[in-house]
Amino acid sequence: MKEIISLQDIKHFDSRSEQFQPLEWYKSMLESGSISYNENSDTWNAFKYDAVKTVLSDYEHFSSEGDRTTISVKFSEDDKQMNSKVNFLKMDPPHNRKGRSLLASAFTPRSLENWKPRINQIAENLITQIEKGKTEDIVAALANPMPAMVMSDLLGIPKPDVIKFKKWVDILFLPYDKSKKDVIDNQKNQAIKEFFTYLQPVIIEKRQQLQDDIISDLIRAEVDGERLTDFEIIEMTMAILGAGVETTSHMISTSFYALLYDDNELFSELKAHPEYIDRTVEEMLRYRFHMSRRDRTVKKDNNILGVELKKGDVVVAWMSAANMDEEMFEEPFQLNIHRKNNKKHLTFGNGPHFCLGAPLARLELKLILENLVKRFSKIEPIESFELEPNLTDSATGQTLTSLPLKLS
Ligand code: HEM
């Protein structure tokens, strides 16, 4: 197992709300320069846009293969034993190529275009169930169920099992907590076991009759004459769920938070101009997706970032801070869907590990917003809502556990 670097050791926040959108911290870190050393966690931390981009993309100097990581998500009982075709997120080019290509074959623009009606149907069904003028918790009604439903539908999992799926994903994403490490590890290992036991017969059945879903695509996929075994397909499925469910829920709930509390005229603007929805999706990802960070390990001594980095040093690249760099984005601390370059945000990473699910995540939020402005004319916050008790630790930082609102 890799050693987990706790976020708390890098930066202690006094409250969940402060961590939910730590703009003041980013501001001070961005002012202090491209990169700084944090003694407590023994990590270098990069904040400025150019530095973050370099750390993520220059794999000759910054490797994804180190022994320490900020990511506490488990994909197998022992990550180190994980198959090289599946563990490509933690491998540098060229070794990541085979695994990435195998999975990428299921995420082509063609597949996404084919899947659009299915995803739209899920969004439409969930949004139709929201009652006009009544207080609704949008996390329970939409942000939580939608990505799990989409992923299990696209994977080809029978609908009645979505709840089981969501439960496993929630456990796998329990955040790193030093004081409960053993309990959480046991829970995760149990969830991994249950998931494997559940999925194996599903794959065997699909091999007999291939369908239009990701598991069937993974059965068909071939790179350099190699195909995936049942076991590798299960691991790959697990990796997709791990990467794609909680992140997308977080994107959806924080986007609603922005519609309510950052710019309360935006909803009317989108109702009048649904053509602005694409740019809104990008700005939400830039402005509202926080604590997005990835670690790399220095491969050879260098001073590319203006400081002496030694082989083995860990560098954490803070994408959410880079998204607030005023040398890249004009008035970065404002939500502005009309800024020219909002698509340049680094929320999906950069370089050889750029998020394979980015088009899917973007599409989910787009379809939600489209269906929302079609059905409703107004969105309103609930006066008694308090942020602090409605947040919880998650792999993405602080996630909303509920967000009541009224749509009419
Ligand atoms: C990689 C973010 C949704 C699948 C990444 C990386 C980031 C990221 C930052 C790069 C990791 C690195 O550089 O080490 C996000 C965000 C999402 C999202 C913010 C939602 C808002 C999804 C979805 C899927 C997905 C929906 C799949 C269905 C993947 C995979 C990788 C990845 C497979 C690994 C790519 C590689 O290593 O080559 N994601 N992701 N992601 N993401 Fe996403």
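Cut-offs applied
Residues numbered from 1 in each chain as written. Predicted model: local features only at pLDDT ≥ 70, side-chain atom pairs only at ≥ 80, totals over all residues. Heavy atoms only, no water. Donors = N, O, S within 2.8 Å, 3.2 Å for Na, K, Ca; no water. Helix = DSSP H or I, 4+ residues; strand = E, 2+ residues; numbered from the N terminus. Near = heavy atom within 4 Å. Polar contact = N/O pair within 3.5 Å; in protein donor to acceptor, adjacent residues only side chain to side chain. Axes fitted to C-alpha atoms, helices over the stretch in contact; angles between N-to-C directions. Parallel < 35°, antiparallel > 145°, perpendicular 65-115°, else oblique. Left-handed = near helix turned anticlockwise from the far one by under 90°. Contact = heavy atoms within 4.5 Å. Pairing = 2+ DSSP bridges. Salt bridge = Lys/Arg side-chain N within 4 Å of Asp/Glu carboxyl O. Buried < 20%, exposed > 50% of the residue type's maximum accessible area, 1.4 Å probe, protein only. Phe/Tyr/Trp six-rings, centres within 6.5 Å; stacked < 30°, edge-to-face > 60°. Lys NZ or Arg CZ within 6 Å of the ring centre and 35° of its normal. 1 Å grid on protein atoms, 1.4 Å probe; cavity = no way out; pocket = protein on both sides within 12 Å on 5 of 7 lines; lining within 4 Å. Points joined across faces, edges and corners; volume = space filled by probe spheres on them. Nonpolar A, V, L, I, M, F, W, Y, C, P; charged D, E, K, R; others polar. Expected span 1.5 Å × (residues − 1). Bend = angle between axes of the 7 residues up to and from the residue.

A. Seen up close, the coordination of the iron atom of the ligand. Of all protein atoms, just one serves as a donor to the iron atom of the ligand, and that atom is Cys 355 (SG), at 2.3 Å. Topologically, Cys 355 is positioned in the loop between α15 (319-322) and α16 (358-375).

B. Structural context of the site of the ligand. As a structural note, the neighbourhood of the ligand is formed by 26 residues, with Leu 89, Arg 100, Arg 296, His 353 and Cys 355 the closest of them. Here Arg 296 contributes a side-chain N or O atom positioned 2.8 Å from an oxygen atom of the ligand. One nitrogen or oxygen atom from the side chain of His 353 is found 2.6 Å from an oxygen atom belonging to the ligand. By residue number, the principal contributor to the shell around the ligand is helix α12 (residues 230-262), which donates six residues.

C. Just unusual backbone geometry, in detail. Cis geometry is adopted by the peptide bond preceding Pro 94, which originates at Pro 93 and carries an omega value of 5°. One can find Pro 94 in the loop between β5 (68-69) and α5 (97-104). For Asp 42, which is not a glycine, the phi torsion comes out positive at approximately 50°. Its place among the elements puts Asp 42 in the loop between β2 (35-38) and β3 (43-46). Here Glu 331, not a glycine, exhibits a phi torsion of approximately 40°, which is positive. With respect to the secondary-structure elements, Glu 331 resides in the loop between α15 and α16.

D. Layout of the packing of helix α14 (residues 277-288) against α16. Packing of α14 against α16 brings their axes to within 9 Å, and their N-to-C directions diverge by 125°. If you check the angle between α14 and α16, you find them oblique. Like other packed secondary-structure pairs, α14 and α16 cross with a definite hand, here right-handed. Contacts between α14 and α16 involve Ile 277, Asp 278, Thr 280, Val 281, Glu 282, Met 284 and Leu 285 on the former and, on the latter, Arg 362, Leu 365, Lys 366, Leu 369, Glu 370 and Val 373.

E. Expanded view of the pairing of strand β12 (residues 404-407). Direction of pairing for strand β6 (residues 135-137) relative to β12: antiparallel, over a ladder of three bridges. Paired with Asp 137 across the strands is Pro 404, a residue of β12. Here three bridges tie strand β9 (residues 379-381) to β12, and the two strands are oriented antiparallel to one another. Of the residues in β12, the one forming a bridge with Ile 379 is Leu 407.

F. Summary view of the pairing of β2. Sheet analysis places β2 next to β3, joined by four bridges and oriented antiparallel. Counted as the bridge partner of Ser 36 is Asn 45 from β3. Between β2 and β3, which pair antiparallel one after the other, the connecting turn spans four residues, and Asp 42 there sits at a positive phi close to 50°.

G. A look at the pattern of salt bridges. Within the structure shown, the criterion is met by 25 salt bridges. With its nearest N and O atoms 3.2 Å apart, the salt bridge here joins Lys 366 to Asp 278. Of the two residues, Lys 366 sits in helix α16 while Asp 278 sits in helix α14, which places them 88 residues apart along the sequence. The class of Lys 366 is buried, set by a relative accessible area of 18%. In this structure, a network of salt bridges that share partners links the residues Lys 48, Asp 325 and Glu 327.

H. Molecular detail of the packing of aromatic side chains. Using the criterion set out here, one finds 18 aromatic pairs in the structure. An aromatic cluster is present here, built from Phe 13, Trp 25, Tyr 26, Phe 47 and Trp 318 joined pairwise through their rings. If you follow Lys 11 out to its NZ or CZ, it ends over the ring of Phe 13, 5.2 Å from the centre. In this structure, Lys 27 is placed above the aromatic ring of Phe 333, and the distance from its NZ or CZ to the ring centre is 4.7 Å.

I. Highlighting the layout of surface pockets. Of the pockets and cavities examined, the second largest pocket occupies roughly 270 Å³. Lining the second largest pocket are 14 residues, and of these Asp 278, Glu 282, Arg 362, Leu 363 and Lys 366 lie nearest its centre. Contributing elements (two or more residues each) for the lining of the second largest pocket: α6 (109-128), α14 and α16. Tallied by class, the residues present in the lining of the second largest pocket amount to five nonpolar, one polar and eight charged.

J. View of the sheet that holds β2. Within the open sheet, the five strands sit side by side as β2-β3-β8-β7-β4. Their pairing is mixed. Every interior strand has two partners, whereas the edge strands, β2 and β4 (62-63), have only one. Where β4 and strand β7 (residues 293-298) come together, two bridges link them in antiparallel fashion. When the sheet's bridge partners are listed, Phe 62 is paired in β7 with Val 298.

K. Geometry of the side chain of Asp 58. Assignment of secondary structure puts Asp 58 in the loop between α4 (49-57) and β4. A distance of 2.9 Å separates a polar atom in the side chain of Asp 58 from a polar atom in the side chain of His 61.

L. Inspection of helix α10 (residues 181-208) at higher detail. With 28 residues, α10 should reach 40 Å at 1.5 Å per residue; the first-to-last C-alpha distance of 41 Å fits that figure. Residue Leu 199 marks the point of greatest curvature in α10, where the axis turns by about 25°; the proline Pro 201 follows within four residues. Where α10 is concerned, the buried positions are Ile 184, Lys 188, Asn 189, Ala 191, Ile 192, Phe 195, Phe 196, Tyr 198, Leu 199, Val 202, Ile 203 and Lys 206. Turning to α10, the residues buried within the fold contact α8 (145-155), α9 (162-172), α11 (214-220) and α12.

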